[in-house]
Amino acid sequence: MSIAKFGRSALATLLAGAMMVGAASAETLRLSHNTGDATTWHKGAEKFGELLAEKTGGEIDVRVFPNAQLSGGDQMRQAEMVGRGALDLVVTSAINVTPLVPEMAVFSLPYLYSSYEQVDATTQGAPGQMLADILLEKGIVVLAWGENGFREVTNNIRPIRTPEDMQGLNMRVAGPMYIDVMNALGANPQQMQWGETMTALQQGVVDGQENPIGAVIIPQQVYEVQKYLTAWHYSYDPVFLGISRAKWDSYDADTQAHIRDAAQEAMAYQRQITRESTASGIEFLREKGMEVYEPTAEELEAFRAATKPAFDTWAAKVGEELVTAFQDAISAAN
């Protein structure tokens, strides 16, 4: 073998060895989220992984687990597991964290918001930081806020045009606050994991459910098992990307900056695609055969009045200071 050939061969071997060492030394973080792999939650999580690998030169890899796989399908447990370091990362919605942090229900108080501008004034402003500070005490570092969206109601029994139309319906709900909201409307709420919901709808175990159009109803194909949708915008639900505080504290300042930057970019992307899907969603669902009803301002006011007892109950649980901070930010956004 010539010296030149030997040199090239040795160099190739050294490079291959270096790549193998690099791959072996890359840290893999596990990220859990609630929904399926077709949702904007999953797309946002994957975007975060791509960006973080890019920003760290491949030193940190993110493996995404949909459908709350790492918590045995229990979407409520994910945040608690991150808080104690059993999971590295989570994308979950505020309402799913209320068993651990009741204050998170403030985002979803019925008819608190009426526009995305109002939402962004809280999630991207001081009110969102107030919640991030509370979550930090539970061992969770909020890296960025994303979007689940305004929650709409679907069912297989009848169109929902008035509060009275909700009476007697068996409704799947995601968390404790929505139980009180449904009770106020005369429905029969059943708290259920999302992984069980589609089967329950198909089998008639529940009549309906409530979820955002762009983030859940379309990508999870709820329209295949539900006939009626009312766009009542009754509650907003953000998502957040969080990391275990123990894991976060193990990194130097530069790595922390890379992680936060990747999270902020990924969740901005996730909010964008969620809102785009929501904007075109009503027409899409009609094309798929759903009967969609869009209430008038007067009809929405009737729903607001009917759900006021649930608002007051949960505002008291959240705390006056926090509710006032949100209401002030919303008023300023107007």
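Above this text is the structure in question.
All values derive from a computational prediction rather than experimental measurement.

Some words on the overall build of the chain
Regarding its fold elements, the chain presents 14 helices and nine strands. Oriented by its inertia axes, the alpha-carbon framework of the chain measures out at about 90 × 45 × 35 Å. Here the chain, with 334 residues, has 53% of them falling under the buried criterion. Long-range contacts, defined as pairs at least 24 residues apart, comprise 75% of the intrachain contacts of the chain with a sequence gap of at least 6. Entry remark: accessible area of the chain is about 14200 Å², with carbon and sulfur atoms responsible for 50%. A gap of 6 Å separates the mean positions of the 25 positive and 42 negative side-chain charges of the chain.

Observations regarding the nonpolar core
Grouped burial of nonpolar side chains is what soluble globular proteins tend to show. Counting 54 residues, the largest nonpolar core has Met104, Met166 and Trp232 as the members making the most contacts within it. In contact with Trp232, other than residues within four places in its own chain, are Tyr111, Arg151, Glu152, Val153, Met166, Met182, Leu185, Pro295, Leu300 and Phe303. Counting residues in each nonpolar core, the second largest holds 45 residues, with Leu52, Trp194, Leu201 and Ile213 among its members.

Points about the pairing of strand S5 (residues 170–173)
Relative to strand S6 (residues 188–191), S5 runs parallel, the two being bridged by four bridges. Looking at S6, one finds that Asn170 is bridged to Asn188. Between the parallel pair S5 and S6, the chain is carried across by helix H6 (residues 176–184), and the sense of this crossover is right-handed. Taken together, the two bridges between S5 and strand S7 (residues 208–212) define a ladder with parallel strand orientation. Bridging across to S7, Arg172 finds its partner in Gln209.

Remarks on the pairing of strand S8 (residues 228–244)
Put simply, side chains in a regular strand alternate between the two faces of the sheet. Among the 17 residues that make up S8, 16 are buried, leaving the element largely enclosed by the rest of the structure. Looking at chain direction, strand S3 (residues 89–93) and S8 are connected through five bridges and run antiparallel. In the strand pairing of S8, Thr92 is matched with Phe240. Across three bridges, S8 lies against strand S9 (residues 291–293) in parallel orientation. Paired with Thr230 across the bridge in S9 is Tyr293.

Brief notes about the packing of helix H5 (residues 126–137) against helix H14 (residues 320–333)
One can describe the packing of H5 onto H14 by two numbers: an axis separation of 9 Å at closest approach and a directional angle of 155°. Taken together, the axes of H5 and H14 are roughly antiparallel relative to one another. Two secondary-structure elements touch here, H5 through Pro127, Met130 and Leu131 and H14 through Glu321, Leu322, Ala325, Phe326 and Ala329. When its residues are assigned to classes, the contact of H5 with H14 shows seven nonpolar, no polar and one charged.

With respect to helix H2 (residues 40–55)
The end-to-end C-alpha separation of H2 is 22 Å, in line with the 22 Å expected for 16 residues at 1.5 Å each. Those residues of H2 that fall on the buried side of the exposure criterion are Thr40, Trp41, His42, Gly44, Ala45, Phe48, Gly49, Leu51 and Leu52. Positive phi shows up at Gly57, right after H2, with a value of about 60°.

Examining the environment of Asp133
Among the structural elements, Asp133 can be located in helix H5. We classify Asp133 as partly exposed; its relative accessible area is 40%. Expressed as a C-alpha distance, the spacing of Asp133 and Asp328, which sit 195 residues apart in the sequence, is 19 Å.

Structural notes on the pattern of salt bridges
Any two side chains of opposite charge can pair, so long as their charged atoms come close to each other. All told, the structure shown has 12 salt bridges when counted by the stated rule. Between Arg304 and Glu301 there is a salt bridge, with the nearest N and O atoms lying 2.7 Å from each other. Here Arg304 and its partner Glu301 are both found in helix H12 (residues 297–306), three residues apart, which amounts to about one turn of the helix. Among the residues examined, Glu301 registers a relative accessible area of 41% and is labelled partly exposed.

Quick notes on the packing of H2 against helix H10 (residues 253–279)
The N-to-C vectors of H2 and H10 enclose an angle of 150°; their axes lie 8 Å apart at closest approach. On the basis of the axis angle, H2 is roughly antiparallel to H10. As H2 runs across H10, the sense of the crossing is right-handed. For the pair H2 and H10, contact is made by Thr40, Trp41, Lys43, Gly44, Lys47, Phe48, Leu51, Leu52 and Lys55 and by His258, Ile259, Asp261, Ala262, Ala263, Glu265, Ala266, Met267, Tyr269, Gln270, Ile273 and Thr274, respectively.

A few points about the packing of aromatic side chains
Tallying each qualifying case throughout the model produces 10 aromatic pairs. Arranged with centres 5.7 Å apart and planes meeting at 45°, the rings of Tyr178 and Tyr234 form a pair that is tilted. On the criterion of sequence distance, the pair formed by Tyr178 in helix H6 and Tyr234 in strand S8 is long-range, its members being 56 residues apart. Tyr178 gets classed as buried once you look at its relative accessible area, which sits at 0%. For Tyr234, a relative accessible area of 1% gives the class buried. Consider the rings of Tyr223 and Phe284, whose centres lie 5.5 Å apart with planes at 80°: the pair is edge-to-face. Of this pair, Tyr223 sits in the loop between helix H8 (213–217) and S8 while Phe284 sits in helix H11 (residues 281–287), placing them 61 residues apart in sequence. Here the aromatic residues Phe107, Trp145, Phe240 and Phe326 are joined through ring pairs into a cluster of three or more. One cation-aromatic arrangement involves Arg161 over Tyr293; the distance from NZ or CZ to the ring centre is 5.0 Å.

Rules behind the numbers
- Residues numbered from 1 in each chain as written.
- Predicted model: local features only at pLDDT ≥ 70, side-chain atom pairs only at ≥ 80, totals over all residues.
- Heavy atoms only, no water.
- Helix = DSSP H or I, 4+ residues; strand = E, 2+ residues; numbered from the N terminus.
- Buried < 20%, exposed > 50% of the residue type's maximum accessible area, 1.4 Å probe, protein only.
- Contact = heavy atoms within 4.5 Å.
- Areas by Shrake-Rupley, 256 points an atom, 1.4 Å probe, with all protein chains shown as cover.
- Lys, Arg positive; Asp, Glu negative; His and termini not counted.
- Charge placed at Lys NZ, Arg CZ, Asp CG, Glu CD.
- Core = buried A, V, L, I, M, F, W, Y, C linked by side-chain atoms within 4.5 Å.
- Pairing = 2+ DSSP bridges.
- Right-handed = clockwise from strand over helix to strand, strands pointing away.
- Axes fitted to C-alpha atoms, helices over the stretch in contact; angles between N-to-C directions.
- Parallel < 35°, antiparallel > 145°, perpendicular 65-115°, else oblique.
- Nonpolar A, V, L, I, M, F, W, Y, C, P; charged D, E, K, R; others polar.
- Expected span 1.5 Å × (residues − 1).
- Salt bridge = Lys/Arg side-chain N within 4 Å of Asp/Glu carboxyl O.
- Left-handed = near helix turned anticlockwise from the far one by under 90°.
- Phe/Tyr/Trp six-rings, centres within 6.5 Å; stacked < 30°, edge-to-face > 60°.
- Lys NZ or Arg CZ within 6 Å of the ring centre and 35° of its normal.

As far as function goes, none of this settles anything; it's purely spatial.
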